[in-house]
Amino acid sequence: MVRRVVVLGGTGFIGRAFARRCIAHGADLRLTVVTRSLPRGAPLRPLPGLDLVQADVHDPAALARVVAGADVVVNLIAILHGSAADFERVHVELARRLAQACRDGGVGHIVHVSALALGVDAPSLYLRSKAAGEAALRGARLPLTVLRPSVVFGAEDRLLNLLARLQSWSPVLPLAAAGSRMQPVWVRDVAQALWACIDREGNGAGVYEAAGPQVITLAELARIAGRRTGHARPVIALPAALARAQAWLLEHAPGPTLMSRDNLRSLQVDNVATGTFPGLQALDIEPASIEQAWAQERGDDGEQASLLRWRAARVDR
């Protein structure tokens with residue numbers, strides 16, 4: 001029997017890796033990726049058996065239409081920056097509408113990517129809204145699998161590439177929340193985990209923590225990014241007041257937001273697995289370290305010399 005899987009947010013960083021994993025494994029699967037902009041889905045068009053559909057998922061009628069009759073709906077939609085209203089709209093209101101649409105549309109299983117360190121009393125809008133979004137999806141009263149990743153790294157990630165790019169521009173790297181701890185997880189392991197959740201259907205419902213094997217600080221992550229791109233710079237840990245000032249400046253700088261005060265508040269809590277819920281090993285995945293992932297990526301790409309010599313990390317001087 002062919003299963004119909006609908007992915008919301010499937011043209012993003014995790015979504016692209018997940019789509020490739022599905023197509024590689026799912027001969028009995030029909031994958032529909034929903035996007036607000038068809039050009040964003042251009043990299044996915046060559047994948048066989050994948051349907052790219054344009055729709056505004058914040059429109060209840062459009063959302064109901066795209067999920068109706070799906071065996072599984074995977075929600076990858078999230079934002080890192082924005083106002084309280086933005087986080088409420090994307091992480092909470094959309095989850096509430098999705099729960100209703102899945103219940104009404106006969107969806108059999110919801111898979112949702114959330115975040116570690118979330119909670120109703122968490123220090124940031126991002127983490128609090130993530131907790132509220134999970135609660136809203138549980139209101140669907142359908143089998144729900146939640147994947148809570150730590151910082152996700154890979155070819156087109158935001159954080160490692162940003163840390164590499166900043167070091168290419170400056171002789172030193174002044175870093176806010178330098179001591180914040182995290183367990184970076186490879187995007188391919190996250191994609192494999194999502195596939196495992198689908199493959200187990202509703203039998204795997206529950207919460208899984210997606211974390212890599214290394215607990216490292218943000219400063220250590222910055223040093224790895226610098227070494228791998230040949231731009232290693234001294235990392236200077238900023239005191240709290242200067243960190244807030246830096247975040248404010250980056251939040252208000254022209255162009256895409258690199259960091260916000262809400263991001264800084266998220267970094268006040270460690271982004272590591274709690275052990276309260278099963279990890280990737282429960283999905284038969286042995287997570288790769290950054291070094292292992294780099295070796296794998298380099299092997300796949302032949303001439304590629306560094307884990308971070310990808311789209312966002314390339315430096316044109």
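Please refer to the structure higher up on the page.
Now for a look at the structure at hand. It should be emphasised that the depicted structure is a prediction, and the values quoted were computed from it without experimental measurement.

Let's talk about the overall build of the protein chain
Step number 1: Regarding its fold elements, the protein chain presents ten helices and 13 strands.
Step number 2: Over its C-alpha atoms the protein chain spans a radius of gyration of 19 Å, differing by no more than 12% from the 20 Å that the globule rule assigns to 317 residues.
Step number 3: Long-range contacts, defined as pairs at least 24 residues apart, comprise 78% of the intrachain contacts of the protein chain with a sequence gap of at least 6.
Step number 4: Element-wise, carbon and sulfur atoms account for 53% of the exposed surface of the protein chain, whose accessible area totals about 14200 Å².
Step number 5: Averaging the coordinates of the 36 positive side-chain charges in the protein chain and doing the same for the 29 negative ones gives two points 4 Å apart.

Focus: the packing of helix H1 (residues 13-25) against helix H6 (residues 187-199)
Any two packed helices are characterised by the angle at which their axes cross and by the distance between the axes.
Step number 1: Where H1 meets H6, the closest approach of the two axes is 8 Å, and the angle between their N-to-C directions is 55°. The orientation of H1 with respect to H6, classified from their angle, is oblique. For the element pair H1 and H6, the recorded crossing hand is right-handed. On H6, the residues that touch Phe13, Ile14, Ala17, Phe18, Arg21, Cys22 and His25 of H1 are Val187, Arg188, Val190, Ala191, Gln192, Leu194, Trp195 and Ile198.
Step number 2: Here the residues of the contact of H1 with H6 are counted per class, giving eleven nonpolar, two polar and two charged.

As for the pairing of strand S11 (residues 206-210)
Step number 1: In terms of burial, S11 is largely enclosed, as four of its five residues are buried.
Step number 2: Here five bridges tie strand S6 (residues 144-149) to S11, and the two strands are oriented parallel to one another. Across the sheet, residue threonine 145 finds its bridge partner in S11, namely glycine 206.

What counts and what doesn't
- Residues numbered from 1 in each chain as written.
- Predicted model: local features only at pLDDT ≥ 70, side-chain atom pairs only at ≥ 80, totals over all residues.
- Heavy atoms only, no water.
- Helix = DSSP H or I, 4+ residues; strand = E, 2+ residues; numbered from the N terminus.
- Rg over C-alpha atoms; globule rule 2.2 N^0.38 Å.
- Contact = heavy atoms within 4.5 Å.
- Areas by Shrake-Rupley, 256 points an atom, 1.4 Å probe, with all protein chains shown as cover.
- Lys, Arg positive; Asp, Glu negative; His and termini not counted.
- Charge placed at Lys NZ, Arg CZ, Asp CG, Glu CD.
- Axes fitted to C-alpha atoms, helices over the stretch in contact; angles between N-to-C directions.
- Parallel < 35°, antiparallel > 145°, perpendicular 65-115°, else oblique.
- Left-handed = near helix turned anticlockwise from the far one by under 90°.
- Nonpolar A, V, L, I, M, F, W, Y, C, P; charged D, E, K, R; others polar.
- Buried < 20%, exposed > 50% of the residue type's maximum accessible area, 1.4 Å probe, protein only.
- Pairing = 2+ DSSP bridges.

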